[in-house]
Amino acid sequence: MARDLATLPGTFNEILAWLNSDRDVAGQMYVQLRHDLAKIFTWNRCSDPEGLTDEVFDRVSRKVHQLRQTFSGDPRLFFYGVARNLIKEESKKIRAQVSLEHMDLAANESAENHNDPGMMRAECLELCLQKISSDKRELILDYYAKEKQAKIDHRAEIARRFGMSIEVLRVRIYRIRSKLEQCIESCLDARADGD
Amino acid sequence: MKEEIVTDASLRQFLLGKVDDDERVRIESLVITNALTKERVCAAEEDLLEDYFEDALSGLDRERFQAQYAYTSHLQRQLEITRDIRNWAIALQKKKGNSSGTQTSSWSSVFTSFRLKPMLVMPIAATVIAIVIVGLWLNQKIELRNRQLAIEKEIARLNASPSNPESIFSLTLRPVTLRSAETQTELVMRPDIQIVELRLLWNLSESYSTYQAVLKRTGDTQSLIVPNLHAEIDGKAILLRLPPQILTVGTYHVELTSIMSDGQSGPTEEFQFSVSQ
């Protein structure tokens, strides 16, 4: 949930209603839109994709009542337009901050080495693998079984086995892997907070 | 007919930050609004990550990848997590292969166990049949999608480059709000028409960098999105070119949206016309 919209139920409801008249569908669109905007900010090398996504929703929430009367077309494109404006604002900041970013990364690296991040990631990976279903675990295992040229035929075989195209298989793997990554990140954050 | 006009090659260029702003905005808009494009970008990103981990990117592309996907410590951690997942799978498969002597897939062991459980044969047969049916259905969907992609590519080509005027059948449309009592414009299809060009009159004073049209036939559930349209030199009309084979008898509705230079949508006009033979 956006950090401020949850405290403004009226505005949040209005945004949902603008996205779709069916509240369930609108809820799904809202979640997907947040994910897509965060991705777009990452692709544009913005420093805080989640924070900027919150900012998009904050800005739209200030105008949503008026927009519902005046805007025609896919409302998601309006959110995207606001995101583009934020990207332009960010790009001016990035040019000023790029040298400091490298300094921060070097400092973080030395701190992480002290806590053996590789071992922590391995432990979190093991925990998170237990949380996904065995068929998804097997699928990921099978998908990455081979490397380089051999993997192409192998993955075509997997796709044929499951009666799907290689593209659908790639997307399915992407989704399973994304869920695992989110789980591992949460695990690592929880351990860092516990330290 | 909501399909995208992107290829795996163009998506890789996009993910490596090698496209210009217009193309970036076009693809990002499609990611936001089109589920199929979204999935294709995910799949392309999956491939790109693999090529990075297998050291299969050129030196320049590797630098670009790191600039796009590892420019903060948080993103670097995400990359490490992704690599860990792959390495876990590769290592475990190698271990399985070494311990059993031969590499067996999970399906082989499943079939082996079924030989010992004849009562499971019928449910498995039913499942296999269901999978085959789903596979055939998916193949059909893929064929339809491929046909649709071909149409989308053709439309993009027609609207991107100038065409021989002799091959164009032009139809001027006025916005619905202005037509009022006028009869609806009718397009009578003939076999000799090679390109249908809709001249969508733009009556607003401001002109915009690009326009996007959404074409829908009354009664159909799907619509056709055509982005990156441009106005004529005097700005009075926006040209939308279509291959005649996609137009069937019926009434069509066109929603034309202006796109500002920052990617935001501007004013919209609506048009209608009918097709007969």
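Keep in mind that what you see is a predicted model, and the values were worked out from it rather than measured.

Student: Help me out: how do you make sense of the interface of chain B and chain A in this one?
Tutor: Accessible area lost upon the coming together of the parts serves often as the stated size of an interface. In this complex, chain B contributes 43 residues to the contact, which on the side of chain A involves 44 residues. Sorting the residues of the side of chain B that touches chain A by element identifies helix 2 (21-33), helix 3 (35-53), helix 5 (73-100), helix 6 (106-115), helix 7 (121-160) and strand 8 (265-276) of chain B as the ones contributing at least two each. The element that contributes the greatest number of residues to the side of chain B that touches chain A is helix 5 of chain B, accounting for 13 residues.

Student: Explain the environment of Cys187(A) to me, please; I cannot follow it from the model alone.
Tutor: All names here are of chain A. One can find cysteine 187 in helix 8 (residues 166-194). Placed 66 residues apart in sequence, cysteine 187 and arginine 121 show a C-alpha to C-alpha distance of 8.5 Å. Ignoring anything within four residues of it in the chain, the contact list for cysteine 187 reads Cys124, Leu127 and Cys128.

Student: Just to check I follow, could you spell out helix 3 (residues 49-70) of chain A for this structure?
Tutor: Every α-helical turn comprises 3.6 residues, leaving residues that sit three or four positions apart pointing alike. Of all the bends found along helix 3 of chain A, the most pronounced is centred on Val64(A) and spans about 65°. Residues Pro49(A), Leu52(A), Thr53(A), Glu55(A), Val56(A), Phe57(A), Val60(A) and Val64(A) constitute the buried set of helix 3 of chain A.

Student: Would you explain the sheet that holds strand 6 (residues 237-242) of chain B in this entry?
Tutor: Backbone-to-backbone hydrogen bonds pair the strands of a sheet. The strands run either parallel or antiparallel. Residues and elements named next belong to chain B. The three strands are arranged 1-3-6 in an open sheet whose pairing can be described as mixed. Whereas interior strands pair on both sides, the edge strands pair on one side only; in this sheet they are strand 1 (168-173) and strand 6. Strand-to-strand twist of the sheet, defined as the mean angle between neighbouring strand axes without regard to direction, takes the value 25°. Judged from the six bridges that link them, strand 1 and strand 3 (residues 195-201) form a sheet pairing that is parallel. Residue pairing across strands places threonine 172 opposite arginine 199, the latter belonging to strand 3.

Student: What is the right way to read the nonpolar core from this model?
Tutor: Grouped burial of nonpolar side chains is what soluble globular proteins tend to show. In this structure, Leu37(A), Phe41(A), Val56(A), Val60(A), Phe79(A) and Ala83(A) are the most contacted members of the largest nonpolar core, which totals 37 residues. The set of elements that each furnish at least two residues to this core consists of helix 1 (9-19), helix 2 (23-43), helix 3 and helix 4 (75-114) of chain A together with helix 1 (8-15), helix 2 and helix 3 of chain B. The greatest single-element share of this core, amounting to seven residues, is contributed by helix 2 of chain A. Setting aside anything within four residues of it in sequence, one finds Ala83(A) in contact with Leu37(A), Ile40(A), Phe41(A) and Val56(A).

Student: Help me out: how do you make sense of the packing of helix 1 of chain B against helix 3 of chain B in this one?
Tutor: Helix-helix packing: each pair is described by the crossing angle between the helix axes and the interaxial distance. Residue and element names in this part refer to chain B. Two elements in contact, helix 1 and helix 3, have axes separated by 9 Å at closest approach and are oriented at 70°. As the angle between them shows, helix 1 and helix 3 are arranged roughly perpendicular. As for how helix 1 packs across helix 3, the hand of that crossing is right-handed. Contacts from Asp8, Leu11, Arg12 and Leu15 of helix 1 reach helix 3 at Arg40, Val41, Ala44, Glu45 and Leu48. Partitioning the contact of helix 1 with helix 3 into residue classes produces five nonpolar, no polar and four charged.

Student: How do you make sense of unusual backbone geometry when you look at a structure like this?
Tutor: It is generally the case that most residues other than glycine have a negative phi and that most peptide bonds are trans. The backbone phi angle of Arg45(A) is positive, close to 60°, even though this residue is not glycine. Looking at the secondary structure, you find Arg45(A) in the loop between helix 2 and helix 3. With phi around 60°, Asp55(B) is a residue other than glycine that occupies positive phi space.

Student: Just checking my understanding: could you explain the sheet that holds strand 8 of chain B for this structure?
Tutor: All names here are of chain B. Here five strands make up an open sheet; going across it, the order is 2-8-7-4-5 and the pairing mixed. Two strands in the sheet have a free side with no partner beyond their single neighbour: strand 2 (185-188) and strand 5 (224-229). Ignoring strand direction, the axes of neighbouring strands in this sheet form an average angle of 30°. Where strand 4 (residues 210-217) meets strand 5, four bridges bridge the pair, whose relative direction is antiparallel. In the strand pairing of strand 5, alanine 213 is matched with valine 226.

What counts, and where the lines are drawn
Residues numbered from 1 in each chain as written. Chains lettered and ligands numbered in written order. Predicted model: local features only at pLDDT ≥ 70, side-chain atom pairs only at ≥ 80, totals over all residues. Contact = placed C-beta atoms within 7 Å. Helix = DSSP H or I, 4+ residues; strand = E, 2+ residues; numbered from the N terminus. Bend = angle between axes of the 7 residues up to and from the residue. Buried ≥ 20, exposed ≤ 12 C-beta atoms within 10 Å, placed from the backbone. Pairing = 2+ DSSP bridges. Axes fitted to C-alpha atoms, helices over the stretch in contact; angles between N-to-C directions. Core = buried A, V, L, I, M, F, W, Y, C linked by C-beta atoms within 7 Å. Parallel < 35°, antiparallel > 145°, perpendicular 65-115°, else oblique. Left-handed = near helix turned anticlockwise from the far one by under 90°. Nonpolar A, V, L, I, M, F, W, Y, C, P; charged D, E, K, R; others polar.

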